[in-house]
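# Survey of secondary and tertiary structure
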Amino acid sequence: MSDEFDVVVVGAGPAGENVADRAVRGGLTAAIVERELAGGECSYWACIPSKALLRPVELTAEVSRVPGLTPGPIDTAAVLARRDEAVSHFDDGGQVEWIRSVPAEFVRGHGRLDGPGRVVVTAKDGSVRTLTARRAVVLATGSVAAVPPVPGLAEASPWTSHEVTAAKSVPGRLVVLGGGVVGCEMAQAMHGLGARETTVLARGGLLGRMEPFAGELVAASFAEAGITVRTGVRVTRVERPTPGGPVTVHLSEGPPLEADELLVATGRHPATGDVGLETIGLEAGSTVEVDDSMRATGVSGGWLYAVGDVNGRALLTHMGKYQARVCGDVIAARAKGGPDDLPGTRDMADAYGAPQVVFTDPQVCSVGRTEAEARAEGFDVRVVEYDLARVSGAYLQGDGYRGRAKAVVDERRRVLLGVTFAGPAVGEMLHSATIAVVGEVPLDRLWHAVPSFPTVSEIWLRLLEEYGL
């Protein structure tokens, strides 16, 4: 069994898998190292299980808006069972089989850099294997949840995204620390599945990195469902005297909160604390800065690349996979000695603004720049907004439909810089906005892209009419 490959990838999540696949397609040999489950965080403890938990809650809300239909109670046990199916019962056999079919060699163990082009892999049984990369080593180890340094918080064994998406039961009382994507999605999922007392503690408003109306619509939905949102308060300390028992959350204002579980959803940091960055002159635990070919900029010799969350560009699975395709292709091109600036071998998408869907009810999706970001960057900005409920297709979706759309326009070039939709089931409309933003399609040309009637996507016509076309 050879220990030398053209490419060695550390991390077998979606980004790492795609690097290996593209490198092999380009004629190279590859090995991929993973210490947990092949498929990574997204497959088992993030994107896939969270959406499996959210879908029944979303459908219940949709049914409740349609006269003539009455939503029944959610069978929580059945939902959790389907979640287990969605994550293959935490068995990565299928993923490992796919990696080997690429073909790439799958190496189970903890991989650490050990100088240029070398990765030392330690298996659970303590055995050690050193892999050598002829062309490149790619870091694709993702990120881990950040736990703030609040007295008693770490000792209270709080849930993170890892635990909440894998929960075997739903707590009766849940406190969520953080009002971002994970906090909002999992608060709604757990509440819909039976967490009768759900409180979200957010420093500012909900979904603070998106357009303000998005968080406002989600907050209104939370209030109607009975989810409490408290802003402007800090957690001063946490107590959990009995492991697995009730947890008490002390606040800067007001009485303490008692819950059965505390979910911490205050952000993530790169999983680079123990991958050997210090052996090549980088700081352990830091983000690995890369250029648009995904090559690390702070490492001499050009042999190290980083894709996905570890490079800090966009902490989204689909962006990590995109970066991985760029990375695998450019490594193969450079190995062949030909031009390495062919189409597809540079990351352009991150510069436009990554598309993202928040799977709450209402859903929120966006691509490109917010109005605030565009103005901060000095663009000549014009903003167009429209009430989604005024579109005929939205009315037909159900009574009480609430939503909003916003387009951020570069007036000098008359192209879209960003688009945000908020409303029930709007996520599937996002790709049309992504094409318009990334393609820099002139508004005069978009006028001739006729939306079907009566669909919610007729919002495109309304936005353009509001603009003045």
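I will try to describe carefully the structure that is included in this document.

Rules used in this analysis
- Residues numbered from 1 in each chain as written.
- Predicted model: local features only at pLDDT ≥ 70, side-chain atom pairs only at ≥ 80, totals over all residues.
- Heavy atoms only, no water.
- Helix = DSSP H or I, 4+ residues; strand = E, 2+ residues; numbered from the N terminus.
- Rg over C-alpha atoms; globule rule 2.2 N^0.38 Å.
- Buried < 20%, exposed > 50% of the residue type's maximum accessible area, 1.4 Å probe, protein only.
- Contact = heavy atoms within 4.5 Å.
- Areas by Shrake-Rupley, 256 points an atom, 1.4 Å probe, with all protein chains shown as cover.
- Expected span 1.5 Å × (residues − 1).
- Core = buried A, V, L, I, M, F, W, Y, C linked by side-chain atoms within 4.5 Å.
- Axes fitted to C-alpha atoms, helices over the stretch in contact; angles between N-to-C directions.
- Parallel < 35°, antiparallel > 145°, perpendicular 65-115°, else oblique.
- Left-handed = near helix turned anticlockwise from the far one by under 90°.
- Nonpolar A, V, L, I, M, F, W, Y, C, P; charged D, E, K, R; others polar.
- Salt bridge = Lys/Arg side-chain N within 4 Å of Asp/Glu carboxyl O.
- Phe/Tyr/Trp six-rings, centres within 6.5 Å; stacked < 30°, edge-to-face > 60°.
- Lys NZ or Arg CZ within 6 Å of the ring centre and 35° of its normal.
- Pairing = 2+ DSSP bridges.
- Arc of directions from axis to C-beta.

### Focus on the overall build of the chain
- When its secondary structure is counted, the chain shows 15 helices and 21 strands.
- Expected size for 469 residues packed as a compact globule is a radius of gyration near 23 Å; at 24 Å, the chain falls within 12% of this value.
- Residue burial in the chain is summarised as follows: out of 469 residues, 53% are buried.
- The long-range fraction of contacts in the chain, counting pairs at least 24 apart against all pairs at least 6 apart in sequence, stands at 64%.
- When the accessible surface of the chain is summed, it comes to about 20,700 Å², and 51% of that surface belongs to carbon and sulfur atoms.

### Some remarks on the environment of Val119
- Looking at the secondary structure, you find Val119 in strand S5 (residues 118–122).
- Setting aside chain neighbours within four positions, we find Val119 in contact with Val8, Val10, Gly111, Arg112, Leu113, Arg129, Thr130, Leu131 and Val137.

### Describing helix H8 (residues 212–225)
- Here H8 spans 20 Å end to end across 14 residues, near enough to the 20 Å set by a 1.5 Å rise per residue.
- When we look at burial in H8, the residues that qualify are Phe213, Ala214, Gly215, Leu217, Val218, Ser221 and Phe222.
- Just downstream of H8 lies Gly226, where phi reads positive at about 95 degrees.

### Looking at the nonpolar core
- One finds Leu113, Val137, Val138, Leu139, Leu304 and Ile331 to be the most contacted residues of the largest nonpolar core, which totals 53 residues.
- Discounting chain neighbours no more than four positions away, the residues touching Val137 are Val8, Val10, Leu113, Gly117, Arg118, Val119, Trp303, Leu304 and Tyr305.
- Counting 33 residues, the second largest nonpolar core, distinct from the first, contains Ala167, Ala189, Leu207 and Met210.

### Comments concerning the packing of helix H1 (residues 14–25) against helix H9 (residues 317–335)
- Here H1 crosses H9 at 25 degrees, and the two axes come no closer than 7 Å. Viewed along their axes, H1 and H9 adopt a mutual orientation that is roughly parallel. Every pair of crossing elements has a handedness; the one defined by H1 and H9 is right-handed. Of the residues in H9, those touching H1 at Pro14, Ala15, Asn18, Val19, Arg22 and Ala23 are Thr317, Gly320, Lys321, Ala324, Arg325, Cys327, Gly328, Asp329 and Ala332.
- Of the residues in the contact of H1 with H9, the class split is seven nonpolar, four polar and four charged.

### Some points on the pattern of salt bridges
- Counting across every chain of the model gives 35 salt bridges.
- Taking the shortest distance from any N to any O, the salt bridge between Asp274 and Arg112 comes out at 2.7 Å. Remark: Arg112 occurs in strand S4 (residues 110–113) and Asp274 occurs in the loop between strand S15 (268–270) and strand S16 (304–306); sequence separation between them is 162 residues.
- On the basis of relative accessible area, Asp274 is assigned to the partly exposed category, the value being 38%.
- A network of salt bridges, in which partner residues are shared, links Glu211, Glu371, Arg375 and Lys406.

### Details of the packing of aromatic side chains
- Per the stated rule, a full pass over the model turns up four aromatic pairs.
- Both rings, one in Tyr44 and one in Trp45, keep their centres 5.6 Å apart while their planes meet at 50 degrees; by these two values the pair is tilted. As far as burial versus exposure is concerned, Tyr44 and Trp45 are alike and both buried.
- Of the aromatic side chains, those joined through ring pairs into one cluster are Tyr44, Trp45 and Phe90.
- Cation over ring: Arg382 sits above Tyr467, and NZ or CZ is 4.3 Å from the ring centre.

### Describing the sheet that holds strand S11 (residues 235–239)
- Within the open sheet, the three strands sit side by side as S11-S12-S13. Their pairing is antiparallel. The open sheet has two edge strands, S11 and strand S13 (257–259), and neither has a second partner. Between one strand and the next, the sheet's axes are offset by a mean angle of 20 degrees, whatever the strand orientation.
- Here four bridges tie S11 to strand S12 (residues 247–251), and the two strands are oriented antiparallel to one another. Its bridge partner being in S12, Val238 is matched across the sheet by Val249.

### Quick word on the packing of helix H3 (residues 47–64) against helix H7 (residues 181–192)
- With their axes 9 Å apart at the nearest point, H3 and H7 run at an angle of 55 degrees to one another. Overall, the two elements H3 and H7 adopt an arrangement that is oblique. Our pair here, H3 against H7, has a crossing hand that is left-handed. Contacts from Ser50, Lys51, Leu53, Leu54 and Val57 in H3 reach Glu185, Met186, Gln188, Ala189, Met190 and Gly192 in H7.
- For the contact of H3 with H7, the residue count by class is six nonpolar, three polar and two charged.

### Details of helix H13 (residues 430–438)
- Buried within H13 we find Leu430, Ala433, Thr434, Ala436 and Val437. Buried residues of H13, viewed axially, fall in a sector of 165 degrees; they line one side.
- Summarising the contacts, the buried residues of H13 are in contact with helix H10 (349–352), strand S17 (356–358), strand S18 (363–368), strand S21 (415–423), helix H14 (443–446) and helix H15 (459–467).
- Looking at the residues trailing H13, positive phi occurs at Glu440, about 50 degrees.

### Digging into the sheet that holds strand S14 (residues 261–264)
- As summarised here, the arrangement of the four strands in space is S10-S9-S8-S14, forming an open sheet in which the pairing is parallel. Of all strands in the sheet, those with a lone pairing partner are strand S10 (228–231) and S14, marking the two edges. When the angles between neighbouring strand axes are averaged without regard to direction, this sheet yields 20 degrees.

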